[in-house]
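Overview (structure and organization)
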Amino acid sequence: MWDSEYAAQLLPAFLPAFAVTIGATITGFMLAVLFGLLFAIAGRSAAAPVRWASRSVVEFIRSTPLLVQAFFLYYSVPMLTPVAMPAFATGVLALGLHYGTYMSEVFRSGIDAVPRGQWEASTALHLSKRKTWISVILPQAIPPVIPVMGNYLIVIFKETPTLMAITLVELLLTAKTEASATYRVFEPYTIVGLLFLAVSLIFSLGIRRLEKKWSFGRENEKGGLR
Amino acid sequence: MNAPWLDWLPMLLDGTLITIQVALLSAVVSIVLSALAGLGSLSRYAVVRLISRAYVELFRACSLLVLLFWVYFALPFLQIELSKLMAGVLAIGLNIGAYGAEIVRSSVSAVSGGQREAGIALNLSGTQRMLRVILPQAAVRMVPPFGNLMIELLKSTSLVYFITLSDLTYEAMVLRNNYYVWTPYIFGLLLLIYFLISSCISLVSRLLERRLAVWR
Amino acid sequence: MRKAFAVLVAVPMLLASACGNNGGDTDTLTQAKKQGYITVGFANERPYAYKDENGNLTGEAVEIAKVILERLGVKEVKGELTEFTSLIAGLQAERFDMITAGMFINEDRCKAVKFADPEYSIGEALAVKAGNPLGLTSYTAIAGQPEVKVAVMAGAVEVDYLKASGVKEEQMLQVPDQDAAVSALQSGRADAMTMTGPALQSRLEAAGDSSLERVAEFEQPLVEGKSVRGYGATAFRLSDEAFQAAYNAELSKMKESGELLDILQQFGFTEQELPQDATAEQLCGG
């Protein structure tokens, strides 16, 4: 059933693919943090239209599949605009936007936990809006939510295979290509499955350590673990 | 030029029905698994606790798409042959069920404590306590996160496209093959349809929440 | 003469094997006749096998198969949509009983499936940006410009032809379906796209984009010094020899009567694309 020799042959092909998967995970995560902050801050804007627009965008993105969003960005956007990004850039943008909406909820809970007095104090000190956010609110809002953010790093990692639909040559697509060349599917898919399992288990163990160490025993965001 | 929207409707409708079918079936599988593994995590038997925890940890760590590929393409090599529909429902159900189990576990343990003691004081048996006292209260807490989870489930049904099950996403790709120049509209419409179905799910979840809140 | 001989041999063989299989009940054709339908695997590729705008299964390979199967006593053909790269695995796993995707016969695939005789024969084609700014007229021309990218369907024979012509793996953008290749060329993610002639023609017509053009003076690729021509055929499981023989017998009748050409022409093929006397056996290198 299991052909170790064949499995060993596969490894050289998986190495660069693993690098792509990790690269997409990290870039996607950084974009998600960035978009998450933008959505969270815009969601608290004093201007009602900005608030409304930000919340609608978040709602829409959260309610539709990442796969279809990736298709839209990869196939539709170049036909509507002169912008045609390659698969990697499109893929991480899709991941960033999609998980940015989840991240904005995480940040929102962190921001809400900052005592009202801090806002009032900033006003009393005549700090600008920008200064208030950057020097007062965010430094207090972000550290408590870092473990939850870490969970999303794992979630994004697990979602990268979706990007094979837009020709990103990551682990799963590599497994598929190998399988179609040899008609042996068991080894490539099993190796990739175990790889994903191992990486995300190790990661979540690390995050749990982090959580304990910081002793923020907060519950995870509702339903937000995917 | 106007997009031939009307010509697309029959195929999109077919696809929507398949998507809903996959979603409903995997919802059933995942809810059953959530209840079993969620309550199992709180069982007084160590073996049951262990199995429940192993299931939750394993399937939460698993990438759904990789799992789907494995179930559909690799399992036949172990002589387990599933149809596309079964493979999709099983993979999605197993994956979402692991998240649902955590919701069940945390909601039940949140109401336990004092309520449990009150139940004992009233001379209720273990089963009675669970069914009459703890579960109804836990259910109220579970509804909103389960509503979110079902939206996640709906979104993940789009992955069955990869095993060429003719769901909404796949039918849109077939449409694209027939109406290539309308690609942007086809994908735009596809996003919109998913958004509508998601909105229905959150509506139902909110109604249910209100219903249950009355009992509280 | 040879064909008539083949029929003479095939029919008794089929009868013999049908009788022989009465007990086993593993013969796919017998089973299909009994249940009244057969399931075929296809990959949604024009013009070979695809779902049309009404969701119906059609295409050159499918229509030929429908005619033959009806004559063999199988009334209905059900389609199982599968990605091209998974067709052979799906056939082996018995998710469907034959592949009607206009799949090219090649030696590797012959080890995994049993091909019927070819139903058409075609060459490759290349499409580029209008005016062919990079002067790409062959696969070797692509190999000569390492920065050029070419979109090609994953798992298709073109990948091997490109490799044999010296095109590097990094130059290939392997896409999951035909439309993805068109998108790649339109958006500039690739500088060229290649697929079989009729497929490429159908996609360019569908795109209706004047910024793309088919390379008229395209040189067919050479593999080991020989000009390649693809021969597309229906495929069966290796064990379905009797089924394949019966299918071949009917196919050769259709070739002779001109019925085959009629069907092919409905899907944009011409007389030049008839398979002539090529057989699966020759093409498998047997």
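Residues numbered from 1 in each chain as written. Chains lettered and ligands numbered in written order. Predicted model: local features only at pLDDT ≥ 70, side-chain atom pairs only at ≥ 80, totals over all residues. Heavy atoms only, no water.

Some words on the overall build of chain B
Scanning chain B from N- to C-terminus turns up seven helices and zero strands. Counting from the amino terminus, helix and strand elements in chain B follow one another as α-α-α-α-α-α-α. Counting only C-alpha atoms and orienting by the principal axes, one finds that chain B spans roughly 75 × 45 × 20 Å. Counting the 216 residues in chain B, one finds 56% classified as buried. Sequence separation of at least 24 residues holds for 76% of the intrachain contacts in chain B that already meet a minimum separation of 6. On chain B, roughly 9800 Å² of surface is accessible, and the fraction owed to carbon and sulfur atoms is 68%. Seen as two clouds, the 16 positive and the 10 negative side-chain charges of chain B have centres 15 Å apart. (Helix = DSSP H or I, 4+ residues; strand = E, 2+ residues; numbered from the N terminus. Buried < 20%, exposed > 50% of the residue type's maximum accessible area, 1.4 Å probe, protein only. Contact = heavy atoms within 4.5 Å. Areas by Shrake-Rupley, 256 points an atom, 1.4 Å probe, with all protein chains shown as cover. Lys, Arg positive; Asp, Glu negative; His and termini not counted. Charge placed at Lys NZ, Arg CZ, Asp CG, Glu CD.)

Quick look at the state of the cysteines
In a disulfide, the sulfur atoms of two cysteines are covalently bonded to one another. Residues and elements named next belong to chain C. Applying the stated criterion across every chain, the model contains one disulfide over all chains. Here Cys110 engages in a disulfide with Cys284; their sulfurs sit 1.9 Å apart. Residues Cys110 and Cys284 are joined by a disulfide whose S-S torsion is about -75°; by sign, that bridge is left-handed. Of the two residues, Cys110 sits in helix H5 (residues 107-112) while Cys284 sits in the segment after helix H12 (280-283), which places them 174 residues apart along the sequence. (Disulfide = S-S within 2.5 Å.)

Some words on the interface of chain B and chain A
Opposite the 44 residues of chain B that make contact, chain A presents 42 residues. Carbon and sulfur atoms supply 73% of the area that chain B and chain A bury against each other, a total of about 4000 Å² over both sides. If you sort the residues of chain B by the area they bury against chain A, Phe77(B), Lys155(B) and Leu191(B) come out on top, with a joint share of 16%. The residue Arg208(A) makes a salt bridge to Glu57(B) at a minimum N-O spacing of 3.1 Å. The tally of links between chain B and chain A comes to eleven residue pairs in polar contact (both at pLDDT 80 or more). Counting residues per element, the ones that place at least two in the side of chain B that touches chain A are helix H2 (46-61), helix H3 (64-74), helix H4 (84-121), helix H5 (126-157), helix H6 (168-178) and helix H7 (183-215) of chain B. If you tally residues by element for the side of chain B that touches chain A, the top one is H7(B), at ten residues. Taken together, the residues of the side of chain B that touches chain A break down into 29 nonpolar, ten polar and five charged. (Buried area = accessible area lost by both parts, 1.4 Å probe. Salt bridge = Lys/Arg side-chain N within 4 Å of Asp/Glu carboxyl O. Polar contact = N/O pair within 3.5 Å; in protein donor to acceptor, adjacent residues only side chain to side chain. Nonpolar A, V, L, I, M, F, W, Y, C, P; charged D, E, K, R; others polar.)

Quick look at the sheet that holds strand E11 (residues 192-196) of chain C
Working definition: the strands of a sheet are paired by backbone hydrogen bonds and lie parallel or antiparallel to each other. Residues and elements named next belong to chain C. Taken in spatial order, the five strands line up as E10-E9-E11-E8-E12 in an open sheet, and their pairing is mixed. Pairing within the sheet leaves two strands with one partner each, and these edge strands are strand E10 (172-175) and strand E12 (212-214). Sheet twist, expressed as the mean angle between neighbouring strand axes with direction ignored, is 30°. Of the pairings in the sheet, the one linking strand E8 (residues 124-129) to E11 comprises five bridges and is antiparallel in character. Directly across from Val128, in E11, lies its bridge partner Ala192. In the packing of helix H8 (residues 178-187) onto the sheet, contacts are made with E8, strand E9 (150-153), E10, E11 and E12, and the angle to E11 comes to roughly 155°. (Pairing = 2+ DSSP bridges. Axes fitted to C-alpha atoms, helices over the stretch in contact; angles between N-to-C directions.)

A short note on the interface of chain A and chain C
Counting residues at the interface gives 14 residues for chain A and 15 residues for chain C. Both faces considered, chain A and chain C share a buried interface measuring about 1200 Å² in area, 56% of it formed by carbon and sulfur atoms. There are one salt bridge connecting chain A and chain C. Of the charged contacts, one joins Lys176(A) and Glu83(C) as a salt bridge, the two residues approaching to 2.7 Å between their closest N and O atoms. Taken together, the connections running from chain A to chain C amount to three residue pairs in polar contact (both at pLDDT 80 or more). Elements represented by at least two residues in the side of chain A that touches chain C include exactly helix H3 (66-80) and helix H7 (171-182) of chain A. If one sorts the elements of the side of chain A that touches chain C by residue count, H3(A) sits on top with five residues. Along the lines of polarity and charge, the residues of the side of chain A that touches chain C split into ten nonpolar, three polar and one charged.

Examining empty space enclosed by the protein
All names here are of chain C. Inspection of the entire model under this criterion finds five cavities of 30 Å³ or more. Together, 17 residues line the largest cavity, and Glu45, Phe84, Ala156, Glu158 and Thr196 are the ones closest to its centre. When residues of the lining of the largest cavity are assigned to their parent elements, the largest contribution, four residues, is made by strand E5 (residues 98-104). For the lining of the largest cavity, the residue count by class is eleven nonpolar, three polar and three charged. Counting contributing residues, the lining of the largest cavity receives three or more from each of domain 1 (2-121 + 229-283) and domain 2 (124-227). (1 Å grid on protein atoms, 1.4 Å probe; cavity = no way out; pocket = protein on both sides within 12 Å on 5 of 7 lines; lining within 4 Å. Points joined across faces, edges and corners; volume = space filled by probe spheres on them. Domains from an automatic or database assignment.)

Concerning the pattern of salt bridges
Enumeration according to the criterion identifies 21 salt bridges over all chains in this entry. The shortest N-O distance in the salt bridge between Arg108(A) and Glu105(A) comes to 3.2 Å. One end of the pair is Arg108(A) and the other is Glu105(A), both in helix H4 (residues 87-112) and three residues apart, which spans about a single turn. Residue classification places Arg108(A) among the partly exposed positions, given a relative accessible area of 36%. Relative accessible area serves as the criterion here: at 26%, Glu105(A) is assigned to the partly exposed category. When salt bridges with common partners are traced through the structure, they connect Arg208(A), Arg53(B), Glu57(B), Arg60(B), Glu102(B) and Arg105(B) into a single cluster.

Brief notes about the domain arrangement of chain C
All names here are of chain C. Domain parsing of chain C yields domain 1 (2-121 + 229-283) and domain 2 (124-227). Centre-to-centre, using C-alpha coordinates, domain 1 lies 28 Å away from domain 2. At the junction of the two partners, domain 1 supplies twelve residues and domain 2 supplies 15 residues. When domain 1 packs against domain 2, the two sides together hide about 1100 Å² of surface, and 57% of this comes from carbon and sulfur. Together, Arg46, Tyr48 and Phe104 form the three largest contributors to the area buried by domain 1 at its contact with domain 2, with a combined 38%.

Comments concerning the packing of aromatic side chains
Applying the stated criterion across every chain yields a total of 33 aromatic pairs over all chains. Arranged with centres 5.1 Å apart and planes meeting at 70°, the rings of Tyr74(A) and Tyr75(A) form a pair that is edge-to-face. In this pair, the class of Tyr74(A) matches that of Tyr75(A), namely buried. Here a set of aromatic residues connected by ring pairs shows up, and it is made of Phe71(A), Tyr74(A), Tyr75(A), Tyr189(A), Phe69(B), Tyr72(B), Phe73(B), Tyr161(B), Phe162(B), Tyr170(B) and Phe187(B). Just above the ring of Tyr75(A) sits the side chain of Arg176(B); from NZ or CZ to the centre is 4.1 Å. (Phe/Tyr/Trp six-rings, centres within 6.5 Å; stacked < 30°, edge-to-face > 60°. Lys NZ or Arg CZ within 6 Å of the ring centre and 35° of its normal.)

Thoughts on the confidence of the model for chain C
Residues and elements named next belong to chain C. Of the residues in chain C, 91% reach a pLDDT of 70 or more, and the chain-wide mean stands at 89. Note on residues 11-24: pLDDT is under 50 here. Beyond four places in sequence and across chains, it has eight contacts. Confidence metrics for the complex model read pTM 0.88 and ipTM 0.93. (pLDDT = per-residue confidence, 0-100.)

Thoughts on helix H11 (residues 259-266) of chain C
Residue and element names in this part refer to chain C. All of the buried residues along H11 are Leu260, Leu261, Ile263 and Leu264. Axial view of H11: buried residues confined to an arc of 165°, hence all on one face. Its buried side turned inward, H11 meets helix H3 (60-71), strand E7 (120-122) and helix H10 (241-257). Once H11 ends, the next one or two residues include Gly268, with phi positive near 90°. (Arc of directions from axis to C-beta.)

A look at the packing of H8(C) against helix H9 (residues 197-207) of chain C
Residue and element names in this part refer to chain C. Here H8 crosses H9 at 60°, and the two axes come no closer than 10 Å. Classified by the angle between their axes, H8 and H9 sit oblique to one another. Both H8 and H9 take part in a crossing whose hand is right-handed. On H9, the residues touching Gln178, Asp179, Val182 and Gln186 of H8 are Ala199, Arg203 and Ala207. (Parallel < 35°, antiparallel > 145°, perpendicular 65-115°, else oblique. Left-handed = near helix turned anticlockwise from the far one by under 90°.)

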